[in-house]
Protein chains: 2
Amino acid sequence: MAKLKHSHLSLVHLTIFIITIIASTVPSLASSPRFLGKFSRSSRRNSQSPKQRLQYETRYFAQNLDHFSFSDTPKFQQRYLINTEHWVGPQRQGPIFFYCGNEGDIEWFAENTGFVWELAPRFGAMVLFPEHRYYGESMPYGSKEVAYKNASTLSFLTAEQALADFAVLITELKRNASAEGCPVVLFGGSYGGMLAAWMRLKYPHIAIGALASSAPILQFEDIVPPETFYDIVSEDFRRESSSCFNTIKESWDALIAEGQKHNGLLQLTKTFHLCGELKKTEDLVNWLESAYSYLAMVNYPYASAFLMPLPGHPIREVCRRIDGCPDGTSTLERIFEGISVYYNYTGKADCFELEDYSDVGTDGWNWQACTEMVMPMSSSRDGSMFQTYDYNFSSFQEECWKDFKAKPRPTWITTEFGGHDIKATLENFGSNIIFSNGLLDPWSGGSVLKNVSESIVALVTEEGAHHIDLRFSTKGDPEWLIEQRATEIKLIQGWLDNFYQEKKAAFDM
Amino acid sequence: MAKLKHSHLSLVHLTIFIITIIASTVPSLASSPRFLGKFSRSSRRNSQSPKQRLQYETRYFAQNLDHFSFSDTPKFQQRYLINTEHWVGPQRQGPIFFYCGNEGDIEWFAENTGFVWELAPRFGAMVLFPEHRYYGESMPYGSKEVAYKNASTLSFLTAEQALADFAVLITELKRNASAEGCPVVLFGGSYGGMLAAWMRLKYPHIAIGALASSAPILQFEDIVPPETFYDIVSEDFRRESSSCFNTIKESWDALIAEGQKHNGLLQLTKTFHLCGELKKTEDLVNWLESAYSYLAMVNYPYASAFLMPLPGHPIREVCRRIDGCPDGTSTLERIFEGISVYYNYTGKADCFELEDYSDVGTDGWNWQACTEMVMPMSSSRDGSMFQTYDYNFSSFQEECWKDFKAKPRPTWITTEFGGHDIKATLENFGSNIIFSNGLLDPWSGGSVLKNVSESIVALVTEEGAHHIDLRFSTKGDPEWLIEQRATEIKLIQGWLDNFYQEKKAAFDM
């Protein structure tokens, strides 16, 4: 089987979490075609999660750039969104709902995490959405340009520093509001879910519990098989149609063969309606691979526009189009029909621009993946519809050095946060964490899918995709989703009840 | 009452932990007179905790200087002592006893932590004594000279970095020894005890339990009254003799009055047998205050030489001498007689040299106290035999800036590790920690003195001083100490039993 020299690159870049796609202020980044830039962000937002639903103040907090050493670095302004409209206040120990901002603009997360907003009135809660350092407006050194300049300026972009930002912020805000007695509940999705779970583990004095949605805290080292992610993506396609799965699986050879022909790149450019001439087949491979993975993540049962405007069950629609082409349609033409569901569901695009991977240095998540968040990913021979690929740390390391002058520390995350034998650790030490996952989500394979203890609970939905539970409720919500959220509410209520009871008991003593 | 302009300085410097005194390689540091340098370190050691009892290999491990960011800093060699003589090995899941090295030379701690060595054969345990970064031989940048050059080179001297060193070291050593299944038990005294407790809280996946001896994890902010430390020191004297207490309490005015006289400094030089002429009364005040505080810490019931060669119940002896002077002896002469117990119990000193506080930049603990380890300390009007002093953060901050160009972060430790409402946090989250304290130890007031839960236990001894339980057993050990250690052994055995049972249960499933 012919193999592209650099095709593994796409696998590296697929480790970026879904949210970098739109949240990034650099339009050429990640797997979204450039034409997306035509939609102004506000118009897109309004069409999806009506802004009028969200009321918040935007504030800024001066954070130490380095919490764990005392080098002379300038403070930076961390942005956070706050809403106290429903908060019953410090006297009544009103809870504080704290979303652990992840790798993107916090406003975008706020708008895509409707669950927290819908919950606040019910619980009389304050809502806080702090932004993750190095994303959105929360830029060290005053600008993204300087912050992302080199390995030295980027060096403070780590999960531990972000957690410390959260800890300092919440402590100070509570102090200033005389709200020291108010319980904090953490929320987070994807990488933000990992942060929420880790924060509950590392800062149990700060927060009483965490809802960690689609949080692949076990996607490190050899804790889960490296094939997990792509096998799940592939299975999402196979369950819709095995012929669809097979067409995609066959398409890579067809693509490469076409690309090697005389005028083959030009032909591919035409077949895939690219705006500019394709320079190398690899770029097209990346573009397709990314779309399949993202489709698996946002494989929601109702029409949505988390990343792209998509119909409900988008993979079903992709396969319907791939399978539904008239007899005699070539593999590559079928692929184009299918992929258009992802990149052009609105039908407004005349042509597509592929993203430019040469500019990875501007993407925070790629930095994180090249330093701490080293998630080994392979593509298996049989289970995967992608090209076979065996994860190779050495070449990963080389790419990271080339891109960032960064040296990955592949065992650091499990050293700092645990992961091996996580059940025993969580059982003996942790409490009040919900790990919620939908099994359609390829990240679910790296998360906690079994109950660990009475208070460390795995909520698994067979038909769920990437942190669907955190989204605004819709009229199209299936029964299982309504139930899942009800369970989450019940569990959170339980944490709060316990907290108040203990406080009362201590007070009565 | 006359007050020295800079007398509060001594209070700042008293926040250094006892172990810096001898462990430091800079002879002029801390509260020990220079003549101590005459004793070669090895001869002192042999006279106290026979070196033949300790068998270990000295090894080095290349550590990242900065675990929490990816700046381009050079690795440093962390020294650690290892003994596998009694270890039953990975097959039998032999435990690993891990001493959390604190602010000094690790060999000195190894020799003064006999309990761990005595326990190892009984438990079939490996013994590890890793050195704390920036102390002993574990110097970043290859030398103390460079490491202690300025705030920038010192900036990585923090507790969190030290804990991360421990976590990385133990993880790597276990991996290399195929000992991933072996349980780790943490030990630590004083600041090392704080590290042990914090490590158990922050890295529950790394260690199954911690014996935190004399660990003042609550000596921050307003968690305990700032007068606690000096009140306990003073009470240690008052319980022996109220006239002794009163003589010391009166001596400060007498000292200051004397110093202000014509030729007063010369007279003080003579009265206190100083080798060089006293330059300012403050230096003498510091020298005396330090001795009283250290006496309270090492107020052991048997003769010892932890810091200085001393008789059993050394405060009793100090007071016996102060009170026992013939009628008509002046206050200052009495003080000299008393203090000689601390500084010259062997009688070998002809004169005393006071330490030089101007060179604080070479002392790691002072850096730590000026950055993270901000422990407010006051001296109360009535409870204390020291000069009255109200802790003043502003002047503390100014001193730190002057000494180190460092900005203290007074609320950071409690943000990172908790402290307020520690009972609730530990109760709900922690397990398997012993907080052992002797009430004669002035640091006991900032520690955990009440049982928190079934597995977070406070062992309090009325007659104990600074981490006496960690010392080698002696023939002079009182019954309560023997009992205390037996309880500790039983608790540790319980942690291990639980661990093996759980492992077995998981294996049998």
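Within each chain, residue numbers correspond to sequence positions counted from 1 in written order. The lettering of chains begins at A and the numbering of ligands begins at 1, in the order of writing. In keeping with the predicted nature of the model, local features appear solely for residues at pLDDT of at least 70, side-chain atom pairs appear and are counted solely at 80 or more, and the whole-chain, interface and lining totals rest on all residues. Neither water nor hydrogens contribute to the side-chain values; these are computed over all heavy atoms in the structure.

- Per an unreviewed UniProt entry, chain A goes by the name Lysosomal Pro-X carboxypeptidase and belongs to Rubus argutus.

Side note on helix α12 (residues 264–271) of chain A
Residues separated by three or four positions in an α-helix point in the same direction, a consequence of the helix having 3.6 residues per turn.
Residue and element names in this part refer to chain A.
Moving on, step 1. Taken together, the buried positions of α12 are occupied by Gly264, Leu268, Thr269 and Thr271. One side of α12 holds all its buried residues, which, seen down the axis, span an arc of 165°.
Moving on, step 2. Contact between two residues is taken to exist if any of their heavy atoms lie within 4.5 Å; hydrogens are not considered. Helix and strand assignments come from DSSP, with helices taken as H or I runs of at least 4 residues and strands as E runs of at least 2, each series counted from the N terminus. Looking at the buried residues of α12, the elements they touch are α11 (242–260), α13 (281–297) and α15 (331–343).
Moving on, step 3. Downstream of α12 by one or two residues, histidine 273 has phi in the positive range, about 50°. Only protein chains enter the accessibility calculation, which uses a 1.4 Å probe. A residue is then buried if its area is under 20% of the maximum for its type, exposed if over 50%, and partly exposed in between. Think of it as the arc spanned by the lines of direction from the helix axis to the C-beta atoms.

Topic: the sheet that holds strand β1 (residues 57–63) of chain A
Residue and element names in this part refer to chain A.
Moving on, step 1. A strand pair is defined by DSSP finding two or more bridges across the two strands. If you walk across this open sheet you meet the eight strands as β1-β2-β4-β3-β5-β6-β7-β8, and the pairing is mixed. Bordering the open sheet on either side are β1 and β8 (456–461), each of which pairs with just one other strand. On average, each strand axis in the sheet is inclined to that of its neighbour by 20°, with strand direction left out of account.
Moving on, step 2. The pairing of strand β3 (residues 96–99) with strand β5 (residues 184–189) spans four bridges and is classified as parallel. Residue tyrosine 99 lies in a different strand from β5, and its bridge partner there is phenylalanine 187.
Moving on, step 3. Across the sheet, helix α9 (residues 191–202) is in contact with β5, β6 (209–213) and β7 (433–438); its angle to β5 comes to roughly 150°. Orientation is described by axes fitted as lines to C-alpha atoms, over the contacting stretch for helices, and by angles from 0 to 180 degrees between their N-to-C directions.

Observations regarding the pattern of salt bridges
Residues and elements named next belong to chain A.
Moving on, step 1. For salt bridges, the criterion is a side-chain nitrogen of Lys or Arg within 4 Å of an Asp or Glu carboxyl oxygen. Applying the stated rule across the entire model yields 42 salt bridges over all chains.
Moving on, step 2. For the salt bridge of arginine 239 with glutamate 463, the shortest nitrogen-to-oxygen distance reads 3.0 Å. Of this pair, arginine 239 sits in the loop between α10 (228–238) and α11 while glutamate 463 sits in the loop between β8 and α20 (479–508), placing them 224 residues apart in sequence.
Moving on, step 3. Note that glutamate 317 is salt-bridged to arginine 321, the shortest N-O span being 3.1 Å. Taken as a pair, glutamate 317 and arginine 321 lie in helix α14 (residues 314–324) at a separation of four residues, close to a single helical turn.
Moving on, step 4. The class for glutamate 317 is buried, based on a relative accessible area of 15%.
Moving on, step 5. Via salt bridges that share partners, Arg79, Asp105, Glu107, Glu131 and Glu137 belong to a single interconnected network.

A word on the relation of the copies chain A and chain B
Moving on, step 1. Least squares is the method used to superpose the copies, on C-alpha atoms of residues holding a pLDDT of at least 70 in both. For these two chains of identical sequence, chain A goes onto chain B by a turn of 180° and a shift of 0.0 Å along the axis, with RMSD 0.1 Å. What the rotation and shift describe, once combined, is the action of a two-fold rotation axis.
Moving on, step 2. Take the interface residues of chain A: 100% of them recur as interface residues in chain B, which is what a same-surface contact looks like.

Points about the sheet that holds strand β6 (residues 209–213) of chain B
All names here are of chain B.
Moving on, step 1. Taken together, eight strands build an open sheet; the order of strands is β1-β2-β4-β3-β5-β6-β7-β8 and the sheet is mixed. Each edge of the sheet is formed by a strand with only one pairing partner; in this case those strands are β1 (57–63) and β8 (456–461). Averaged over all neighbouring strand pairs, the angle between strand axes comes to 20°, with direction disregarded.
Moving on, step 2. Pairing of strand β2 (residues 76–83) with strand β4 (residues 126–130), which is carried by four bridges, proceeds in the antiparallel orientation. What sits directly across from asparagine 83, in β4, is valine 127.
Moving on, step 3. Against the sheet, helix α9 (residues 191–202) engages β5 (184–189), β6 and β7 (433–438), with an angle of about 150° to β5.

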